Amino acid sequence: MEFKKSFLDRYKELTNIEEFKEHCSKELRKSIRINTLKISVNDFLERTNLHLERIKWCEQGFFVNDRVTLGNLYEHFLGYFYVQESASMLPPLALDIKDMILDMCAAPGSKTGQIASMMKNNGLIVANDFDYRRLKALTLNLQRLGVINTVITNMKGYFIKDKFDSILLDAPCSGTGTISKSPRTVEIYNPNMIRKLCADQKGLINNAFNILNENGSLVYSTCSLEPEENEEVINFLLNKHDDAKLEKIKFNGLKTSDVILEFNGKKYNDEINKCVRIWPQDNDTSGFFLAKIRKI
């Protein structure tokens, strides 16, 4: 894997670049989430021949210590488990489980299915995605998992007007936290792309907060490590809405790194310390960023 000089110069300012490069050059650990809509964790463990290691921050999540094509397994076909990156299991765990939840950018459905299992198929999830081509994967995954409490919609997140008590915005991003899984991310890396994504993310989070009911909560997440897509987006929201308050997020067994409070001459609100920044080398996972915002 060859990193662009501009990328390395930028990331030297953010993390231990040698540790980061070493981790990105390794194969990402396989992990699954057991789908408790169809089978209990104990029953799955009794029937499987996989060598599994429990993920500390998710009771239904396991690392897979076998060289196997998980999608070809009979249990996958039955919907007993979903192949899901371990850090990707975090955003639903931070979400307030309510009777009506919006997953604003839902495809391909990993987090929607996880939320449905946490809701035990009760209540209602509105699973939205703006890309019509991604709805097929979303639909098929939810069907395989046995999700029946979800309505799928197709529109840009800026245009949703219904009110919700709980919203997950796993925003479209540059994916710089997933280089070990998607090496092409390094090849196409472009600061102009980051700026465009940042503008889109600000539009999405602004509307998500606008349609949030009073005392409702919004979880914002990305698999990006770019400050503009993470801390800057949250800083924008805090500056725009006086009734937006960050809440501290904690996960058992998860190592986190300091957030970025100053970058490229910009200083961000100290409240952003309540957000979660995960570098790939922290836990041998993908990189991730999470924030939980309450409307007061």
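Because the structure is predicted, anything quoted here is derived from the model rather than measured.

Draft legend 1. Representation of the nonpolar core. Core analysis: the largest hydrophobic core is formed by 47 residues, its most contacted members being Phe20, Leu169, Ile234 and Ile293. Leucine 169 has contacts with Met104, Cys105, Leu204, Ile205, Ala208, Leu218, Val219, Tyr220 and Ser221, leaving out every residue within four places of it along the chain. Counting 32 residues, the second-largest nonpolar core is a separate cluster that includes Ile55, Ala127, Val219 and Phe288.

Draft legend 2. Seen up close, unusual backbone geometry. Put simply, alanine 107 and proline 108 share a cis peptide bond, and its omega is 5°. With respect to the secondary-structure elements, proline 108 resides in the loop between β5 (100-103) and α6 (110-119). In this structure, lysine 120 is a non-glycine residue whose phi angle is positive, near 55°. One can find lysine 120 in the loop between α6 and β6 (124-128).

Draft legend 3. Spatial organisation of the pattern of salt bridges. Counted under the stated rule, the structure contains 18 salt bridges. Measuring nitrogen to oxygen at the nearest pair gives 2.8 Å for the salt bridge that ties glutamate 53 to arginine 29. Linking glutamate 53 in strand β2 (residues 52-54) with arginine 29 in the loop between α2 (17-24) and β1 (31-34), this pair joins segments that are 24 residues apart in sequence. By relative accessible area, arginine 29 is classed as partly exposed at 24%. When the shortest N-O distance is used, the salt bridge between arginine 294 and glutamate 247 registers 2.7 Å. In this pair, arginine 294 is assigned in strand β14 (residues 288-295) and glutamate 247 in strand β10 (residues 244-247), connecting sequence segments 47 residues apart. Note on arginine 294: relative accessible area 12%, which makes it buried.

Draft legend 4. Summary view of the side chain of asparagine 141. Note on placement: asparagine 141 falls in helix α7 (residues 135-145). Here asparagine 141 falls in the buried class, since its relative accessible area comes to 16%. At a separation of 2.9 Å, a polar atom in the side chain of asparagine 141 contacts the main-chain carbonyl oxygen of proline 108. When residues no more than four places from it in sequence are discounted, the contact partners of asparagine 141 are Tyr82 and Pro108.

Parameters and conventions
Residues numbered from 1 in each chain as written. Predicted model: local features only at pLDDT ≥ 70, side-chain atom pairs only at ≥ 80, totals over all residues. Heavy atoms only, no water. Core = buried A, V, L, I, M, F, W, Y, C linked by side-chain atoms within 4.5 Å. Buried < 20%, exposed > 50% of the residue type's maximum accessible area, 1.4 Å probe, protein only. Contact = heavy atoms within 4.5 Å. Helix = DSSP H or I, 4+ residues; strand = E, 2+ residues; numbered from the N terminus. Salt bridge = Lys/Arg side-chain N within 4 Å of Asp/Glu carboxyl O. Polar contact = N/O pair within 3.5 Å; in protein donor to acceptor, adjacent residues only side chain to side chain.

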